[in-house]
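Residue-level listing of the chains:
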Amino acid sequence: MGTTVAATSLAKDYDLPWVEKYRPHRVADIVGNQDVVARLQVIAQGGNMPNLIFSGPPGTGKTTSILALAHELLGPNFKEAVLELNASDDRGIDVVRNKIKMFAQKKVTLPPGRHKVVLLDEADSMTAGAQQALRRTMEIYSNTTRFALACNLSSKIIEPIQSRCAIVRFSRLSDSEILDRLLRVVEAEKVPYVPEGLEAVVFTADGDMRQALNNLQATFSGFQFVNQDNVFRVCDQPHPLLAQQIIKHCIAGNIDDAYTGLKQLYDMGYSATDIITTLFRVVKNYEMVEFLKLEFIREVGFAHMRIADGVGTLLQLSGLLAKLCKVRERCKA
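Every chain is numbered on its own, with residues counted from 1 as its sequence reads. Selection of residues for local features in this predicted model requires a pLDDT of at least 70, selection of side-chain atom pairs for listing and counting requires 80 or more, and totals for whole chains, interfaces and linings are taken over all residues. In computing side-chain values, all of the structure's heavy atoms are included and hydrogens and water are not.

An unreviewed UniProt entry annotates the chain as AAA+ ATPase domain-containing protein of Physcomitrium patens. Quoted verbatim from the Function (unreviewed entry) field of the UniProt record, the comment on the chain reads "May be involved in DNA replication and thus regulate cell proliferation." UniProt positions are given in the numbering used here, feature names are shortened, and annotations may be inferred rather than shown by experiment.

So, in structure tokens, the structure goes:
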């Protein structure tokens, strides 16, 4: 019987997405945003948690931080003293009036100085009415319940709620922080890889740890080996080396060669948005004179804006190449 339970547990662990399998359970294990982590550790040790708003880009550790903090504060009482809701689903006023209010009224025996925790993920999706109702609930039950809201944009949370919370801002993770965690995962999972493969995973993630782990697992599941080509095939992104060649030709003033490279990418079926995003990230990391780099980024930014407005044609991208060559001529003069 014991062996069967152990085998079932192992199978469940094996089937877990790596994002969940390697999710930190202690605040100290969270990757990146060191200042934020230090603040949360102080709260975890002191035990007096204020209402919190965690804002920042996706995949930077907002939900993980709240769960880890709640685990450290509540210990064995975690299951009965934490209500986790995803506000992008449960976003109406009825949820605040029913689920949240009932949970806030529930009696739970906790150590002195500890409070029940309501975690609202994607809180910026909540309707204005629900947020107004939540404001009142936060006031009434402030003696027993603390609220933690995770959102991408804190500006979408109404000001009365913002003023009742401490706002914690997360930023994108650096490439080195993501790479460090990926190395631990590939070691634990015994993933065959080459260093360029992990660099490609980091490039596709763009500061998003969730994306990095998902891309790594997808590449390993699909090809059993992590190298550059496999990663870009799985993620279906334009290869940065091709984008690099285009920029190199623009810097040299060879618009015909640059256009040939662009046409090659376009004919592969990539959208103008995919191409312009990759071009931007390549320009940002390309070794060139700073003034020229700033001018290139400016032109790429304008082109990106026009593409976002719906003008995603090959002509638009070709015009960008002409402008980049022109900028280069101006800088030389």
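Now, onward.
Participant: Got a minute to help me understand the domain arrangement of the chain in this structure?
Facilitator: Much of the literature gives interface size as the accessible area that the parts lose upon coming together. You can read the domains of the chain as domain 1 (18–169), domain 2 (175–235) and domain 3 (240–332). Each domain's limits were defined by an automated method or a database of domain assignments. Here the C-alpha centre of domain 3 lies 26 Å away from the C-alpha centre of domain 2. Here, two residues are considered to be in contact whenever any of their heavy atoms come within 4.5 Å of each other. Counting residues at the interface gives 6 residues for domain 2 and 5 residues for domain 3. Accessible area that two parts lose when put together, with a 1.4 Å probe and added across both, is what the buried area reports. Taken together, both faces of the contact between domain 2 and domain 3 bury some 470 Å²; the carbon and sulfur share is 58%. A per-residue breakdown of the area domain 2 buries against domain 3 is headed by Phe-203, Asp-206 and Phe-232, which together make up 84% of the total. Every case where a carboxyl oxygen of Asp or Glu lies within 4 Å of a side-chain nitrogen of Lys or Arg is listed as a salt bridge. Remark: the boundary between domain 2 and domain 3 carries 1 salt bridge. Helix numbers and strand numbers start at the N terminus; a helix is a DSSP run of H or I with at least 4 residues, a strand a run of E with at least 2. The greatest single-element share of the side of domain 2 that touches domain 3, amounting to 3 residues, is contributed by helix H10 (residues 195–205). Each residue belonging to the side of domain 2 that touches domain 3 can be placed in one class, and the counts come to 3 nonpolar, 2 polar and 1 charged. Note on residue classes: Ala, Val, Leu, Ile, Met, Phe, Trp, Tyr, Cys and Pro are nonpolar, Asp, Glu, Lys and Arg are charged, and everything else, Gly too, is polar.

Participant: Please clarify how the environment of Ile-158 should be interpreted in this entry.
Facilitator: Looking at where Ile-158 falls in the secondary structure, it is placed in the loop between strand E4 (145–151) and helix H8 (159–163). Expressed as a C-alpha distance, the spacing of Ile-158 and Ala-128, which sit 30 residues apart in the sequence, is 7.6 Å. In contact with Ile-158, not counting residues within four places along its chain, are Gln-131 and Gln-132.

Participant: What's the story with empty space enclosed by the protein in this structure? I'm lost.
Facilitator: Left-over empty space is what a probe sized like a water molecule reveals as it rolls over the atoms. Cavity means a closed set of points on a 1 Å grid over the protein atoms alone, one where a 1.4 Å probe fits but cannot get out, pocket means an open set with protein on both sides within 12 Å along at least 5 of 7 lines, and lining means a residue has an atom within 4 Å of a point. Grid points are joined across faces, edges and corners, and a volume is the space filled by probe spheres set on the points. Inspection of every chain in the model, using the stated rule, returns 1 cavity of 30 Å³ or more. Of the pockets and cavities examined, the largest cavity occupies roughly 40 Å³. Forming the boundary of the largest cavity are Gly-47, Met-49, Leu-73, Leu-74, Arg-114, His-115 and Arg-146. Looking at the lining of the largest cavity, its residues break down into 3 nonpolar, 2 polar and 2 charged.

Participant: Would you take a moment to explain the pairing of E4 for this structure?
Facilitator: Sheet faces and side chains relate simply in a regular strand, where the side chains alternate between the two faces. Counted residue by residue, E4 has 7 buried out of 7 residues, so it is predominantly covered. Judged by which residues are buried, E4 turns out to be covered on both faces: Thr-145, Phe-147, Leu-149 and Cys-151 on one side and Arg-146, Ala-148 and Ala-150 on the other are all buried. DSSP bridges decide pairing: two strands pair if at least two such bridges lie between them. Across 4 bridges, the pairing between strand E1 (residues 52–55) and E4 is parallel. Each residue of the ladder has a partner; that of Leu-52, found in E4, is Ala-148. When strand E3 (residues 116–121) meets E4, the two strands line up parallel, connected through 5 bridges. Residue Leu-120 lies in a different strand from E4, and its bridge partner there is Leu-149. Classification of residues uses two cut-offs on accessible area relative to the type maximum, computed with a 1.4 Å probe and protein chains only: under 20% is buried, over 50% is exposed, and between them is partly exposed.

Participant: Even after reading the chapter, I still don't get the state of the cysteines, so can you show me in this structure?
Facilitator: Throughout this description, disulfide means a covalent bond between two cysteine sulfur atoms. Our working definition of a disulfide is a cysteine sulfur pair at a distance within 2.5 Å. Under the definition given, this model contains 0 disulfides. Cys-151 takes part in no disulfide bond, and the closest cysteine sulfur to it belongs to Cys-165, at a distance of 9.6 Å. Free cysteine: Cys-250, not disulfide-bonded; nearest cysteine sulfur from Cys-325 at 4.3 Å.

Participant: Could you clarify how one ought to interpret the pattern of salt bridges in this entry?
Facilitator: Two side chains bearing opposite charge may form a pair once their charged atoms approach each other closely. Scanning the model with the defined rule gives 10 salt bridges in all. The partner of Asp-180 in a salt bridge is Arg-184, and the shortest N-O contact between them spans 3.7 Å. Residue Asp-180 and its partner Arg-184 are located together in helix H9 (residues 175–189), separated by 4 residues, close to a single helical turn. Judged by relative accessible area, which is 41%, Asp-180 ranks as partly exposed. Residue Arg-328 pairs with Glu-329 through a salt bridge whose shortest N-O separation is 2.1 Å. The network of salt bridges with common partners includes Arg-136, Glu-139 and Arg-164.

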